[in-house]
Amino acid sequence: MEHIRTPKVENVRLVDRVSSKKSALGTLYLTATHVIFVENAPDTRKETWILHSQISTIEKQATTATGCPLLIRCKNFQIIQLIIPQERDCHDVYVSLIRLAKPVKYEELYCFSFNPKLDKEEREQGWMLIDLSDEYKRMGLPNNFWQLSDVNRDYRVCDSYPTELYVPKSATAHIIVGSSKFRSRRRFPALSYYHKDNHASICRSSQPLSGFSARCLEDEQMLQAIRKANPRSDFIYVVDTRPKLNAMANRAAGKGYENEDNYSNIKFQFIGIENIHVMRNSLQKMLEVCELKSPSMSDFLWGLENSGWLRHIKAIMDAGIFIAKAVSEEGASVLVHCSDGWDRTAQVCSVASLLLDPHYRTLKGFMVLIEKDWISFGHKFNHRYGNLDGDPKEISPVIDQFIECVWQLMEQFPCAFEFNERFLIHIQHHIYSCQFGNFLCNSQKERGELKIQERTYSLWAHLWKNRADYLNPLFRADHSQTQGSLHLPTTPCNFMYKFWSGMYNRFEKGMQPRQSVTDYLMAVKEESQQLEEELEALEERLEKIQKVQLNCTKVKSKQSESSRPSGFSTSDNSTANTPQDYSGNLKSFPSRSPSQGDEDSALILTQDNLKSSDPDLSANSDQESGVEDLSCRSPSGGEHAPSEDSGKDRDSDEAVFLTA
Amino acid sequence: MEFAELIKTPRVDNVVLHRPFYPAVEGTLCLTGHHLILSSRQDNTEELWLLHSNIDAIDKRFVGSLGTIIIKCKDFRIIQLDIPGMEECLNIASSIEALSTLDSITLMYPFFYRPMFEVIEDGWHSFLPEQEFELYSSATSEWRLSYVNKEFAVCPSYPPIVIVPKSIDDEALRKVATFRHGGRFPVLSYYYKKNGMVIMRSGQPLTGTNGRRCKEDEKLINATLRAGKRGYIIDTRSLNVAQQARARGGGFEQEAHYPQWRRIHKSIERYHVLQESLIKLVEACNDQTHNMDRWLSKLEASNWLTHIKEILTTACLAAQCIDREGASILIHGTEGTDSTLQVTSLAQIILDPRSRTIRGFEALVEREWLQAGHPFQQRCAQSAYCSSKQKWEAPVFLLFLDCVWQILRQFPCSFEFNEHFLVMLFEHAYASQFGTFLGNNESERCKLKLQQKTMSLWSWVNRPSKLCQFTNPLFEANNLVIWPSVAPQSLQLWEGIFLRWNRSSKYQDEAYEEVVNIIEYNKELQAKVNILRRQLAELETEDSCGRPSEHP
């Protein structure tokens, strides 16, 4: 490929981020899609593969005696540090990666070359796994109040919306089109979720172009129609997910928010979620904390607080909780918007849906949810996740935040989700990987034009095929946590929200719990299943033999090998058996003797600890001066028995000895 | 009853009780010598049965003639009683205050408690030093039991029996005791069978400003080293603090006099710093009004997790010296009764699979905390709510339990006990019907005749019906050393203790139940399959031999 200046560099060092002393020597390869590092160690030949599309930043650091360091930060929070012996090679790799990490055409992305060896039919089936029209059917639509509208056929009204949309039955094409003209980017109110238990719904749109005083009759009628579609409630909530100040500022640009006086029977509510720029900076700050070499507890907590990340997560959750409560407890419909209605609105609608409907907490339901609230409603995946080279100010971890919200909920409701943490992590990975076509482009329209479904594969089929890896062993379809809405406490409960080290530090294995309860329980369940089968088989055979014996017929029955599964190991022995990375101050314990003070290793037994433990090195060295080199002073060189040593008569010291 | 004079109003009707997670309930409040009881009149069942000794602080306020008493417990729970009538309320409040701060230990509940369960094994005899020593004696002959402290004369805070190097006689021990803080001469804490290295612990050496020495001390410490080996002295104080201690007659081992030993200073906080930290943390957890930033900032300002990290790090260091460096260690701080014990006991959790079993952990608490002379009576006298701060109060044991919980969280399948077990130990250390945690050391316990007059906590715990509540369903014996991560990202607030009364644990409890079900079901199947296999095998041998099998 033309952008690769050097396809292969030898004698490259891959530095272990946690203990800088450890590094692996190997060969670096650049391919059209990956950076690959292959370790030289003949027994392992461990390989590290990095997709170009995962690369977030590349940093060339000052050349040292050992070579030229290259720091690669990835969008899945992996950080790779390479040391390339020759400056020129390093520069070539750097320049190549800069270009490779920022493709300019969709066709350069991995999904167009990725070939999982499936035939055409399998690929097509894969794309059919998740079908939104089935989903609306599942919700109970169409019905007396809601109908499928073809107003956006061929994207005639709104090019960032899907063509198939549900709208209130009383909303005529005239009203919809009129309303769309009064909304940013013509994103008119459309149905996101219908709660068939009580007819309340969640609709979404962009902000109205109300400015300081503008009105739109059709838009007012549109909201009225949404209210009417829920006969049990005489009002709807309009939730603006922006901070009030932001919304007000928009008025000056002819945009803004609904004036309660103009719309009959709406209750207007601001829920301040910050914009994409604030979120981008917040993540950046949090990642800086995660990257700290050996932070103290205070460094970490202070940095976490300062990043504001958990505050933002909580704001999104609070908005979702508010909407879910309005729908399930008050039976009121809610219209949600932010500015364009494709970031915060997507977050909040999907969190609310997840709280309300247990279906979205299943493996397939969660795929449907992302398909519905994110992919179909025109969340700008390409811009937000920087798949193609673009404006860096458009990049923001919007769906990452949603995924984290789901994880926070999983922590609170351990039995409520059919999937596990790994599922979330893999989805996050593939949003950035561009290995599958699902998240390409900024809208359905663009995806259609690119013929994504004919040229790429679907992630959902891939995840579904491997679903055994993604199951939560605690999930039971008949468990109380899997029924109905999830109810969160009304008190602030800040302490509910925790740092997700499984995501943001996931490549630092030493920081994660060393034994996985999920994997253990899955293994137990699998064994139970096999036991059930064996039990059945044994019972059958027993019955047979007993029958045979009754008939006094000797039948030689073959003793089949009992196929007990090999059991399950709770611990990853290799990791459990090595001192972990006592990062913080310590990274890993040094494996060498601590007496060989090595200034470079900021490890437990060094500097602060070992050296300063010799008081003579500090200012007030008095009687003990000259003992810094203990090994030389060892009177017996450690060869004599210790008791002999202390039994020696030392006249000179007698004076200070204690006479007991 | 001697408490009668303290109980001015033994009974008040129409009292309303408010507590976390339960609807308010109206009932009759009764005060007894040791309990505060509230029973709702309808069905005559007790809604609340609270030990006075569990009460840390009370607040009272009045609106008209309706009095309100807010009771803050040592387990961090806060409950509220609305009492009609100002006089009744004042009486109740003053009685609670008096009864929850009894001066004499012998008036405490354990001396009155009569167990309603059958004692299967008397916990007072469950962990005798001789038995513990036997575990080592098969592996080494370098150590012996010493009865030098039989009358508690050499070291008042040591048990009568200690393990010391064989080559050191009792006379030498007496001399060493005079050179160590509180007479706490170096004794064996743990013998690591894998490589014969040991953990010793002691009080600080009394070197003073003029650098006193003690030949016997040097001899004793060196006697623990094998030929050609070196050791580490881990001082749990920073160098600065250790140096300052010299002015008060204390000090540290000068490496010139202990040439085979290398000293490492770590900084583990003590006393009021820890107590302050606990108070701040509990305050932060109870304050639900603040926003996310305030919460994180208060969590940070409490420094609780910093202490956890510090203690765990030091314990890891100790374990590393033993297992990775193949070096013996001596651990001490000042007295050797607090941070020293945190480190020695946590190092054993890391190194020794036995201490991760229920029985082994009990033995560890018995050996490294109770017999080792951690002053429970002083340290656990008050908890996070008490305003009258005494300098000897400190959540040292709670920090230890928290560290164990952190390791348990990282190795969820390597411990035989579960979180409830740790929570239970915390509760009983602060308020209990059992005598186990009374007194400050074995000498005091002996004088109080606890063995004769009170019941041991272990007698209650070590019964199958109780043990099953404390057994970790995920446990699979793991004979390896377990190295926890001490990175801030890996350490978490112990919700089971600190948020216990601030958030419902319903969903977590359900998850735990699910885990138990999955594992129980598996065991059931296993048993069934085994029975059938055996039956089948029998039948088939009958078949092939033509006669019944002799060995079913």
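In this text, all values refer to a predicted model and were calculated from it rather than measured experimentally.

What counts, and at which threshold
- Residues numbered from 1 in each chain as written.
- Chains lettered and ligands numbered in written order.
- Predicted model: local features only at pLDDT ≥ 70, side-chain atom pairs only at ≥ 80, totals over all residues.
- Heavy atoms only, no water.
- Domains from an automatic or database assignment.
- Contact = heavy atoms within 4.5 Å.
- Buried area = accessible area lost by both parts, 1.4 Å probe.
- Salt bridge = Lys/Arg side-chain N within 4 Å of Asp/Glu carboxyl O.
- Polar contact = N/O pair within 3.5 Å; in protein donor to acceptor, adjacent residues only side chain to side chain.
- Nonpolar A, V, L, I, M, F, W, Y, C, P; charged D, E, K, R; others polar.
- Pairing = 2+ DSSP bridges.
- Helix = DSSP H or I, 4+ residues; strand = E, 2+ residues; numbered from the N terminus.
- Axes fitted to C-alpha atoms, helices over the stretch in contact; angles between N-to-C directions.
- UniProt positions renumbered as here; feature names shortened; annotations may be inferred.
- Buried < 20%, exposed > 50% of the residue type's maximum accessible area, 1.4 Å probe, protein only.
- Parallel < 35°, antiparallel > 145°, perpendicular 65-115°, else oblique.
- Left-handed = near helix turned anticlockwise from the far one by under 90°.
- Patch = residues over 30% accessible without salt bridge, like charges linked within 9 Å, V, L, I, M, F, W, Y side chains within 5 Å.
- Areas by Shrake-Rupley, 256 points an atom, 1.4 Å probe, with all protein chains shown as cover.
- Lys, Arg positive; Asp, Glu negative; His and termini not counted.
- Charge placed at Lys NZ, Arg CZ, Asp CG, Glu CD.

1. Re the domain arrangement of chain A
Residue and element names in this part refer to chain A.
Turning to step 1, where the next piece is worked out: Per the domain assignment, the segments of chain A are domain 1 (8–102) and domain 2 (120–509).
Turning to step 2, where the next piece is worked out: Taken over C-alpha atoms, the centre of domain 1 sits 36 Å from the centre of domain 2.
Turning to step 3, where the next piece is worked out: Taken together, the contact pairs 13 residues of domain 1 with 19 residues of domain 2.
Turning to step 4, where the next piece is worked out: Buried area between domain 1 and domain 2, summed over both chains or domains, comes out near 1500 Å², and the portion from carbon and sulfur atoms is 51%.
Turning to step 5, where the next piece is worked out: When the buried area of domain 1 at its contact with domain 2 is split by residue, Arg17, Lys75 and Phe77 rank highest and sum to 44% of it.
Turning to step 6, where the next piece is worked out: With its nearest N and O atoms 2.8 Å apart, the salt bridge here joins Glu291 to Arg73.
Turning to step 7, where the next piece is worked out: For the pair domain 1 and domain 2, the number of links is eight residue pairs in polar contact (both at pLDDT 80 or more).
Turning to step 8, where the next piece is worked out: Each residue belonging to the side of domain 1 that touches domain 2 can be placed in one class, and the counts come to five nonpolar, four polar and four charged.

2. Digging into the sheet that holds strand β11 (residues 200–205) of chain A
Residues and elements named next belong to chain A.
Turning to step 1, where the next piece is worked out: Here five strands make up an open sheet; going across it, the order is β10-β11-β14-β12-β13 and the pairing mixed. Every interior strand has two partners, whereas the edge strands, β10 (190–195) and β13 (266–270), have only one. The sheet shows a mean angle of 20° between the axes of neighbouring strands, direction not considered.
Turning to step 2, where the next piece is worked out: Summarising the sheet, strand β12 (residues 236–240) and β13 pair through five bridges and their orientation is parallel. Its bridge partner being in β13, Ile236 is matched across the sheet by Ile266.
Turning to step 3, where the next piece is worked out: With respect to the sheet, helix α5 (residues 217–228) is in contact with β11, β12, β13 and β14 (333–337), its orientation differing from that of β12 by roughly 125°.

3. Points about the environment of Trp494(B)
Residue and element names in this part refer to chain B.
Turning to step 1, where the next piece is worked out: Tracing the chain through its elements places Trp494 in the loop between α17 (464–470) and α18 (495–498).
Turning to step 2, where the next piece is worked out: Sequence separation of Trp494 and Ser339 is 155 residues, and the distance between their C-alpha atoms is 20 Å.
Turning to step 3, where the next piece is worked out: Among all residues touching Trp494, those that are not within four sequence positions of it are Leu398, Leu401, Asp402, Trp405, Glu419, Leu422, Val423 and Leu499.
Turning to step 4, where the next piece is worked out: At 2.9 Å, the side chain of Trp494 and the side chain of Glu419 are in polar contact.

4. Re the UniProt feature "domain: Myotubularin phosphatase" (unreviewed entry) in chain A
Turning to step 1, where the next piece is worked out: Mapped onto this numbering, the UniProt entry gives "domain: Myotubularin phosphatase" (unreviewed entry) at residues 126–504 of chain A.
Turning to step 2, where the next piece is worked out: Taken end to end, residues 126–504 of chain A is 44% helix and 9% strand, and its first and last C-alpha atoms sit 30 Å apart.

5. A closer look at the UniProt feature "active site" (unreviewed entry) in chain A
Residue and element names in this part refer to chain A.
Turning to step 1, where the next piece is worked out: As recorded in UniProt, the feature "active site" (unreviewed entry) lies at Cys338.
Turning to step 2, where the next piece is worked out: Here Cys338 is to be found in the loop between β14 and α10 (344–356).
Turning to step 3, where the next piece is worked out: Filtering out sequence-adjacent residues up to four positions away, Cys338 remains in contact with Ser205, Ser206, Gln207, Asp240, Thr241, Arg242, Asp343, Arg344 and Thr345.

6. Details of the domain arrangement of chain B
Residues and elements named next belong to chain B.
Turning to step 1, where the next piece is worked out: Parsing chain B into structural domains produces domain 1 (4–102) and domain 2 (129–492 + 501–507).
Turning to step 2, where the next piece is worked out: With centres defined by C-alpha atoms, the gap from domain 1 to domain 2 works out at 37 Å.
Turning to step 3, where the next piece is worked out: Every contact between the two is made by 14 residues of domain 1 and, on the other side, 21 residues of domain 2.
Turning to step 4, where the next piece is worked out: Of the roughly 1400 Å² buried at the junction of domain 1 and domain 2 (both faces included), carbon and sulfur atoms supply 67%.
Turning to step 5, where the next piece is worked out: The interface formed by domain 1 and domain 2 includes zero salt bridges.
Turning to step 6, where the next piece is worked out: Linking domain 1 with domain 2 are eight residue pairs in polar contact (both at pLDDT 80 or more), by the criterion used here.
Turning to step 7, where the next piece is worked out: Taken together, the elements giving at least two residues each to the side of domain 1 that touches domain 2 come down to β5 (55–63) and β6 (66–73).
Turning to step 8, where the next piece is worked out: The residue makeup of the side of domain 1 that touches domain 2, split by class, is seven nonpolar, two polar and five charged.

7. Let's talk about unusual backbone geometry
Turning to step 1, where the next piece is worked out: Omega for the peptide link from Leu141(A) to Pro142(A) comes to -5°, which places this bond in the cis form.
Turning to step 2, where the next piece is worked out: Of note, Pro142(A) is situated in the loop between α3 (132–139) and β8 (146–149).
Turning to step 3, where the next piece is worked out: At Asn14(B), a residue that is not glycine, the phi angle is positive and equals roughly 55°.
Turning to step 4, where the next piece is worked out: Within the secondary structure, Asn14(B) is located in strand β1 (residues 11–19).
Turning to step 5, where the next piece is worked out: With phi around 65°, Asn303(B) is a residue other than glycine that occupies positive phi space.
Turning to step 6, where the next piece is worked out: Here Asn303(B) is to be found in the loop between α7 (292–302) and α8 (304–323).

8. Brief notes about the side chain of His52(A)
Residue and element names in this part refer to chain A.
Turning to step 1, where the next piece is worked out: Turning to its location among the elements, His52 is positioned in the loop between β4 (47–51) and β5 (55–60).
Turning to step 2, where the next piece is worked out: Accessibility expressed as a relative area gives 4% for His52, which makes it buried.
Turning to step 3, where the next piece is worked out: Ignoring sequence-local partners within four residues, the contact set of His52 consists of Thr31, Ala32, Thr33, His34, Val35, Leu97, Leu100 and Ala101.

9. Describing the packing of α10(A) against helix α13 (residues 398–412) of chain A
All names here are of chain A.
Turning to step 1, where the next piece is worked out: Two elements in contact, α10 and α13, have axes separated by 10 Å at closest approach and are oriented at 20°. Judged by the angle between their axes, α10 and α13 are roughly parallel. Judged by the sense of rotation from one axis to the other, the crossing of α10 with α13 is right-handed. Across the interface between the two elements, Gln347, Ser350, Val351, Leu354 and Leu355 from α10 touch Val398, Gln401, Phe402, Cys405, Val406 and Leu409 from α13.
Turning to step 2, where the next piece is worked out: For the contact of α10 with α13, the residue count by class is eight nonpolar, three polar and no charged.

10. Examining the sheet that holds strand β12 (residues 231–235) of chain B
Residues and elements named next belong to chain B.
Turning to step 1, where the next piece is worked out: The strand order β10-β11-β14-β12-β13 describes an open sheet built from five strands, whose pairing is mixed. Here the strands that pair on one side only, and so sit at the sheet edges, are β10 (187–192) and β13 (261–265). The sheet shows a mean angle of 20° between the axes of neighbouring strands, direction not considered.
Turning to step 2, where the next piece is worked out: Alignment of strand β11 (residues 197–201) against strand β14 (residues 328–332), held across three bridges, turns out to be parallel. The residue of β14 that forms the bridge with Ile199 is Ile329.

11. So, a negative patch on the surface
Residue and element names in this part refer to chain A.
Turning to step 1, where the next piece is worked out: A surface patch of like charges, here negative, comprises Glu532, Glu533, Glu536, Glu539, Glu540 and Glu543.
Turning to step 2, where the next piece is worked out: Its place among the elements puts Glu540 in helix α19 (residues 517–550).
Turning to step 3, where the next piece is worked out: What makes Glu540 exposed here is its relative accessible area of 51%.

12. A short note on the UniProt feature "domain: Myotubularin phosphatase" (unreviewed entry) in chain B
Turning to step 1, where the next piece is worked out: Mapped onto the present numbering, the UniProt feature "domain: Myotubularin phosphatase" (unreviewed entry) falls at residues 123–498 of chain B.
Turning to step 2, where the next piece is worked out: Split by type, residues 123–498 of chain B is 45% helix and 9% strand. Its first and last C-alpha atoms lie 29 Å apart.

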